Amino acid sequence: MHPLVKIFITGLSISFLGSLPLGTLNVAAMQIAISDGYTEAILFSLGSLLVEMIYVRFSLIGIDWIRKQKKIFKILEWVTLAIVLALAISSFYAAIHPKSGSNIILSSKLPRFVLGAAMCAVNPVQIPFWFGWSTVLFTKKVLLPQNSHYNSYIVGIGIGTFIGNCVFIFGGQLVAAKLNSNQSILSWVIGGIFSLTAIIQAWRIFKNKDAVHNLEHPEEVSQKLEKRYNLRHDEHGETPHNKN
């Protein structure tokens, strides 16, 4: 397999699998799909994945600068927590007041593309995630410090994120159609997901397991990723495989 195709598929696979666990952005995309339709949710996802791609590209060439921005990351951690809490409260409000019909924050007049970009921009979790994966791929010599590799990797990441978000966008619409008149149930569920996300975010902050810690200890991130996904390679530097 051509190296550029290999790194493209690797970036796409990692991004797709990383987008499947419940998180702030994919659940928000699902909520927007339910309340405003597919087009608005796709625009939201395109905004968020654009920022993610920019972050990854920048992290590949400016990681030393990123590591020094501890105060910025700390602030962003708290901003993210505040946003997730606000989303949870808004979802619970929509559940208690079914006539409102939707999450107040996600139904704002802000263009969905801009909203997605803004929410992704203040979410620093993805930076250590991709730094950890990039470290693994550099170590395995799957990813090389070349612009062609970087570009192929980033395009794969963008497409993988988009496909992963589409699972939530179209899946959310199917769930909403099944529930029919019981939209308040869905609002309770989404509010619960945002609440759980907020609890996890707060735990990471107070236990120093947040983005700052991960950037200060990149070896922990890469070791966890290798162990979690059972990465392996031979002496020729084959692409890591996910046995699951």
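What counts and what doesn't
- The residue numbering used here restarts from 1 in each chain and proceeds along that chain's sequence as written.
- Whole-chain, interface and lining totals are the exception, using all residues; otherwise, since this is a predicted model, local features are given only for residues with pLDDT of at least 70 and side-chain atom pairs are given and counted only at 80 or more.
- Values shown for side chains rest on all heavy atoms present in the structure; no hydrogens or waters enter the calculation.
- Residues belong to a common nonpolar core when they are buried Ala, Val, Leu, Ile, Met, Phe, Trp, Tyr or Cys residues joined through side-chain atoms within 4.5 Å.
- Exposed residues in this analysis have more than 50% of their type's maximum accessible area, buried residues have under 20%, and partly exposed residues fall in between, with area computed by a 1.4 Å probe over protein chains only.
- Numbering of helices and strands runs from the N terminus; a helix is a DSSP stretch of H or I covering at least four residues, while a strand is a stretch of E covering at least two.
- The contact rule is simple, with two residues in contact once any of their heavy atoms fall within 4.5 Å.
- Orientation is described by lines fitted to C-alpha atoms, with helices fitted over the stretch in contact, and by angles between N-to-C directions that extend from 0 to 180 degrees.
- Take the far helix as the reference: if the near one is turned anticlockwise from it by less than a right angle, the crossing is left-handed, and if turned clockwise, right-handed.
- Gly falls in the polar group here, along with every residue not listed as nonpolar (Ala, Val, Leu, Ile, Met, Phe, Trp, Tyr, Cys, Pro) or charged (Asp, Glu, Lys, Arg).
- Whether two aromatic rings pair depends on their centres lying within 6.5 Å, for rings of Phe, Tyr and Trp, where Trp uses its six-membered ring; planes under 30 degrees apart make the pair stacked, over 60 edge-to-face, and the rest tilted.

Caption draft 1: View of the nonpolar core. Val27, Met30, Phe44, Met119, Ile190 and Phe194 are the most contacted members of the largest nonpolar core, which totals 28 residues. Elements that contribute at least two residues to this core include exactly helix H2 (24-36), helix H3 (38-67), helix H4 (70-96), helix H5 (112-121), helix H7 (147-179) and helix H8 (183-206). Beyond its immediate chain neighbours, meaning those up to four positions away, Phe194 contacts Thr24, Val27, Ala28, Val84, Leu87, Ala88 and Ser91.

Caption draft 2: Region of the structure containing the packing of helix H1 (residues 3-19) against helix H6 (residues 126-139). At a minimum axis separation of 12 Å, H1 and H6 run at an interaxial angle of 145 degrees. As H1 packs across H6, the resulting crossing turns out to be right-handed. Contacts between H1 and H6 involve Ile7, Thr10, Gly11, Ile14, Ser15 and Gly18 on the former and, on the latter, Phe129, Trp130, Trp133 and Leu137. Residue composition of the contact of H1 with H6, by class: six nonpolar, four polar and no charged.

Caption draft 3: Focus on the packing of aromatic side chains. Counted by the stated rule, this structure contains four aromatic pairs. Note on Tyr38 and Phe170: the rings are 4.6 Å apart at their centroids and 35 degrees apart in plane angle, and the pair reads as tilted. Taken together, the residues Tyr38 in helix H3 and Phe170 in helix H7 connect sequence positions 132 residues apart. You can call Tyr38 partly exposed: its relative accessible area is 37%. Taking 5.4 Å as the distance between ring centres and 45 degrees as the angle between the ring planes, the aromatic pair formed by Phe92 and Trp188 counts as tilted. Note that Phe92 is positioned in helix H4 and Trp188 in helix H8, a separation of 96 residues in sequence. According to the relative accessible area criterion, Phe92 is partly exposed, its value standing at 25%.

As far as function goes, none of this settles anything; it's purely spatial.
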